[in-house]
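# Geometric and topological summary
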Amino acid sequence: MKTRVVITVDTEPSIAGAYEDPGRNLPLIHEPVWGEVDGRSEALGFLIRTLRQHSLAATFFTETAHVRYFGADLMGAYARSLKEAGQDVQLHIHPTWTNFENGELKHRHAYGDDCHLMETGDLARLIAEGCDLIEGWTGDRPTSMRTGNFSTAMNVFEAMSAAGLKTSSNLCIAANRPEEIPLQIAGGVKRYAGILEYPVTCFSDSGPVGRGRRRPLQVTSISAAEQISTLENVHAMGGSVAVILTHPFEFLKREQVRFTRMRPNRLVQRRFERLCAYLAANSDRFDVVPMSKIGDELTTEEALPDIAGSTLNSLMRSAENFLNDKIF
């Protein structure tokens, strides 16, 4: 049996310090999304190029509430370019953008960034608004969603169901563990309020630093060796699905929240290139599918057994990340 692999990319603008100093700091969209360096995109463009090279399709969870500041055209252009490249565009929501109206900061900190703290009806309306935007950009109505910061509770799934969605990847217990115990899962497939949830795959760290902590299958967080080892473990355990997490801005080095002095993050880029090459070379065991298809192919609930990382891989990753952080 093949293990489905879903590569997910949270594609979003940045508040970029606007709350702290709204007079000087304006939100940014092109820098965290496109990330152009010396005339070449090292963020979204890098992802599109790499996926195309290996004939893979990822899911780009695309933020929509930010249109209150930027308008619909800027992200719409990126969404259309993804659709033209054969990629999957689904919904991502950061409610903090509802503090803006018509391009201005109107409600400084009045609204937080937690979907699960919103009233269910209000969240359902925000989801429907985002679905309308993406359908207008790509011609396809989203069927899936990821909450910003993995902010999730049962009311989120109820709002998604009311808005007509079918699937989600709202859970990543390594990043944000929900209070409700039934939601505290590290992978697999689970149905909540009629929504099929495919959490970001997490494993238990075995290294001397962070031993026992959960680590997400995230390109910037763990080494290529750990990513591949985790996929191998999921497959060996008979797991039907593994979900990978990344963001366009992870492939950049920059100074502070203003994205100054941007440079390609070569280490993270190499990790993604190695991951894609591995998945393409092992298509007999792994099938890379987008969220738009996973809900039709994999509907049976499935628990993921606990996966332990490798001590050696953890040590090597710690050294890699330390050196990468020190060398700009």
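This write-up is about the structure you can find in this document.

Each value, and the rule that gives it
- Residues numbered from 1 in each chain as written.
- Predicted model: local features only at pLDDT ≥ 70, side-chain atom pairs only at ≥ 80, totals over all residues.
- Heavy atoms only, no water.
- Helix = DSSP H or I, 4+ residues; strand = E, 2+ residues; numbered from the N terminus.
- Rg over C-alpha atoms; globule rule 2.2 N^0.38 Å.
- Buried < 20%, exposed > 50% of the residue type's maximum accessible area, 1.4 Å probe, protein only.
- Contact = heavy atoms within 4.5 Å.
- Areas by Shrake-Rupley, 256 points an atom, 1.4 Å probe, with all protein chains shown as cover.
- Axes fitted to C-alpha atoms, helices over the stretch in contact; angles between N-to-C directions.
- Parallel < 35°, antiparallel > 145°, perpendicular 65-115°, else oblique.
- Left-handed = near helix turned anticlockwise from the far one by under 90°.
- Nonpolar A, V, L, I, M, F, W, Y, C, P; charged D, E, K, R; others polar.
- Polar contact = N/O pair within 3.5 Å; in protein donor to acceptor, adjacent residues only side chain to side chain.
- Salt bridge = Lys/Arg side-chain N within 4 Å of Asp/Glu carboxyl O.
- Core = buried A, V, L, I, M, F, W, Y, C linked by side-chain atoms within 4.5 Å.

## Let's talk about the overall build of the chain
Along the chain, the regular secondary structure elements total 10 helices and 17 strands. Compactness check: the chain gives a C-alpha radius of gyration of 19 Å against a globular reference of 20 Å for 328 residues, within 12% of the reference. Across the 328 residues in the chain, those meeting the buried criterion constitute 57%. In the chain, the proportion of contacts linking residues at least 24 apart, taken out of those at least 6 apart, comes to 73%. As presented, the chain carries roughly 13600 Å² of accessible surface, and 49% of it is formed by carbon and sulfur atoms.

## Structural notes on the packing of helix H7 (residues 224-236) against helix H8 (residues 266-281)
The N-to-C vectors of H7 and H8 enclose an angle of 30°; their axes lie 9 Å apart at closest approach. Considering their axes alone, H7 and H8 lie roughly parallel with respect to each other. As for the relative orientation of H7 and H8, their crossing is right-handed in sense. When H7 is examined against H8, the residues Ala224, Ala225, Gln227, Ile228, Leu231 and Glu232 are found in contact with a partner set consisting of Arg271, Arg274, Leu275, Tyr278 and Leu279. Of the residues in the contact of H7 with H8, the class split is 7 nonpolar, 1 polar and 3 charged.

## A short note on the side chain of Ser151
Here Ser151 shows up in the loop between strand S8 (144-147) and helix H6 (154-162). The exposure class of Ser151 is buried, given its relative accessible area of 0%. Reaching out from Ser151, the side chain makes a polar contact with the side chain of Asp114 at a distance of 3.4 Å. Excluding residues that lie within four positions of it along the chain, Ser151 makes contacts with Asp113, Asp114, Cys115, His116, Val156 and Asn176.

## Points about the pattern of salt bridges
Under the definition given, this model contains 18 salt bridges. Glu135 is the partner of Arg141 in a salt bridge, and the nearest nitrogen-oxygen pair spans 2.8 Å. You can call Arg141 partly exposed: its relative accessible area is 36%. One salt-bridge network, held together by shared partners, links Asp205, Arg215, Glu226 and Arg317.

## So, the nonpolar core
One recurring pattern in soluble globular proteins is that nonpolar side chains are buried together. Formed by 70 residues in total, the largest nonpolar core has its most connected members in Ile127, Leu231, Phe272 and Leu279. Setting aside residues no more than four positions away along its own chain, Phe272 makes contact with Ile7, Phe46, Leu47, Thr50, Leu51, Val219 and Phe251. In terms of nonpolar packing, the next biggest core, distinct from the first, is built from 18 residues, Phe61, Val189, Val200 and Ile294 among them.

Distances and angles like these do not, on their own, reveal function.
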